Amino acid sequence: MRTYLFYATLFSLLAACTGGRRDIRDFYFPVEKLAGGKVYEYASTEGDSIPPDYWYFRSVRADSGLFFVGTYYDENFQVGQLVREKIGDNGSQARDYFLYFPDSTGVRNIRVNTRLESPDVFPFSVKDSTGVFLFSLQLQQPGDAGTVYLIRNRRYLGNAPDFDFKGKKYPCVRFSLREAIGKSAEGDAETESRGEEWYAKDLGLVYYRKETGSKGLIRQEYRLRDIIPMDELERRAGRHFSQQ
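Everything numeric here is computed off the predicted structure, so don't read it as measured data.

Caption draft 1: Region of the structure containing the overall build of the chain. Secondary structure assignment for the chain yields two helices and 15 strands. Sorting the 244 residues of the chain into buried and exposed places 48% on the buried side. Pairs at least 24 residues apart make up 47% of the contacts formed inside the chain by residues separated by at least 6 positions. Approximately 13,200 Å² of the chain is accessible, and the part contributed by carbon and sulfur atoms is 48%.

Structure below.
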């Protein structure tokens, strides 16, 4: 994995020195239009037996620039992740990344800050089939002395099939994913995943797939099903808790 990362970074630097680049800014989330916040509902391709993923996205303009905040809610409508990105001329980069873990009682979640090492989330300028972009972080889970690391490489692959959303077709670009999660206390032992993401023009992320294990033993595949206001998510959460 470390050899792969070296060549991925080198390859990206070499590609940046050449011409023929493509502007894909419009394929990222419509940040300027999300000041009021919207919830993206991603449904599993396995059907409704698997709960959807919910991401609440909103933009915040400050003196230091434009920021994009994403909050992930799990199947129990509890916050699982929070990411704050800075929108720059060349792309989006993570500034803060928080993960949430259950405490010893299992009743509430504890927020854990991570240490960002490589912050690239989404590039606005790419070179067809050659751009490799690195995101990585480290963290310490509550009650665990070991350091967990995440390394994620995105490789630009060009156009994806059009995405049909609410009766309209949107052009897409695609990225391949390669991910590794491990613990420093366990030496080089790590779990690897591979997958793919599609980003639709004027929508953002609309499809993602991940296969974990040497033979794809765990497969996750989701598509954008709906975009809803936050108060609708709150209503759904209320129905969920009333049934418990």
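There is more to say after this.
Caption draft 2: Up close: the nonpolar core. Ranked by internal contacts, the top residues of the largest apolar core, which has 48 residues, are Tyr28, Phe29, Tyr42, Phe122 and Val206. Per element, the largest residue contribution to this core is six residues, and it comes from strand β11 (residues 148–165). Beyond its immediate chain neighbours, meaning those up to four positions away, Phe29 contacts Leu34, Tyr40, Tyr42, Phe57, Phe68, Leu203, Gly204 and Leu205. Ranked by size, the runner-up nonpolar core spans eight residues in total, among them Val39, Tyr54, Tyr56 and Ala237.

Caption draft 3: Fine view of the environment of Pro171. Of note, Pro171 is situated in strand β12 (residues 168–183). Along the sequence, Pro171 and Pro161 sit ten residues apart, while their C-alpha atoms lie 7.0 Å from each other. Not counting the four nearest positions on each side in its chain, Pro171 is found in contact with Phe27, Asp162, Tyr199, Ala200 and Lys201.

Caption draft 4: Main features of the pairing of strand β15 (residues 218–228). Note: strand β2 (residues 38–44) against β15, six bridges, orientation antiparallel. Opposite Glu41, over in β15, you have Asp226 as the bridge partner. Bridge count for strand β14 (residues 204–212) against β15 is six bridges, and the pairing is antiparallel. Counterpart to Arg209 in the pairing with β15 is Glu221.

Caption draft 5: Local environment of the side chain of Lys86. Take Lys86: it is sitting in strand β5 (residues 79–87). Looking at Lys86, its side chain comes within polar contact range of the main-chain oxygen of Ser64, at 3.0 Å. Here Lys86 is in contact with Ser64, Gly65, Leu66, Phe67, Gly91, Ser92, Gln93 and Arg95, once residues within four sequence places are set aside.

Caption draft 6: Representation of the packing of aromatic side chains in the model. For the structure on display, the rule yields 23 aromatic pairs. Ring plane angle 15° and centroid distance 5.4 Å describe the contact between Phe57 and Phe68, whose orientation is recorded as stacked. Here the residue Phe57 occupies a position in strand β3 (residues 53–62), and Phe68 occupies one in strand β4 (residues 65–73), the gap between them amounting to eleven residues. Considered together, Phe57 and Phe68 belong to a single accessibility category, that of buried residues. On the numbers, 5.7 Å between centres and 45° between planes, the contact of Tyr97 with Phe135 is tilted. Of the two residues, Tyr97 sits in strand β6 (residues 91–102) while Phe135 sits in strand β10 (residues 132–139), which places them 38 residues apart along the sequence. Both residues of the pair, Tyr97 and Phe135, count as buried. We note Arg111 situated over the ring of Phe98; from NZ or CZ to the ring centre the distance is 3.9 Å.

Caption draft 7: How the structure looks around the pairing of strand β8 (residues 115–123). Sheet analysis places β6 next to β8, joined by three bridges and oriented antiparallel. From the neighbouring strand, Gly91 faces β8, where its bridge partner is Pro123. Where β8 and β10 come together, four bridges link them in antiparallel fashion. When the bridges of β10 are listed, Ser118 appears paired with Ser136.

Caption draft 8: Just the pattern of salt bridges, in detail. Under the criterion given, the structure shown has 19 salt bridges. Residue Arg174 pairs with Glu196 through a salt bridge whose shortest N-O separation is 3.0 Å. Of this pair, Arg174 sits in strand β12 while Glu196 sits in strand β13 (residues 190–200), and the two are 22 residues apart along the sequence. Members of the salt-bridge network, linked through shared partners, are Glu41, Asp48, Arg225, Asp231, Glu232, Arg235 and Arg236.

Calculation notes
- Position numbers for residues start from 1 in each chain and track the written sequence from start to end.
- For this predicted model, a pLDDT threshold of at least 70 governs which residues receive local features, and a threshold of 80 or more governs which side-chain atom pairs are given and counted, while totals over whole chains, interfaces and linings are taken from all residues.
- Side-chain figures throughout are based on the complete set of non-hydrogen atoms in the structure, without hydrogens or water.
- Secondary structure counts use DSSP, requiring at least four H or I residues in a row for a helix and at least two E residues in a row for a strand, with both numbered from the N terminus.
- Note on exposure labels: buried denotes an accessible area under 20% of the residue type's maximum, exposed denotes more than 50%, and partly exposed covers the range between, all computed with a 1.4 Å probe on protein chains only.
- The contact criterion used throughout is that any non-hydrogen atoms of two residues lie within 4.5 Å.
- Areas reported as accessible are Shrake-Rupley estimates using a 1.4 Å probe. Residue values count occlusion only from the protein chains shown.
- Think of a nonpolar core as a cluster: buried Ala, Val, Leu, Ile, Met, Phe, Trp, Tyr and Cys residues, connected wherever their side-chain atoms sit within 4.5 Å.
- For two strands to count as paired, DSSP must find a minimum of two bridges between them.
- For the purposes of these results, a polar contact is taken to be a pair of N or O atoms within 3.5 Å, where, inside protein, one atom must be able to donate a hydrogen and its partner to accept one; residues adjacent in sequence count only when each atom of the pair is a side-chain atom.
- The aromatic pairing rule takes the rings of Phe, Tyr and Trp, using the six-membered ring of Trp, and pairs them if the centres are within 6.5 Å, calling planes under 30 degrees apart stacked, those over 60 edge-to-face and the rest tilted.
- Comment: the charge-over-ring label is applied if NZ (Lys) or CZ (Arg) is within 6 Å of the ring centre and within 35 degrees of the ring normal.
- Any Lys or Arg side-chain nitrogen found within 4 Å of a carboxyl oxygen on Asp or Glu counts as a salt bridge.

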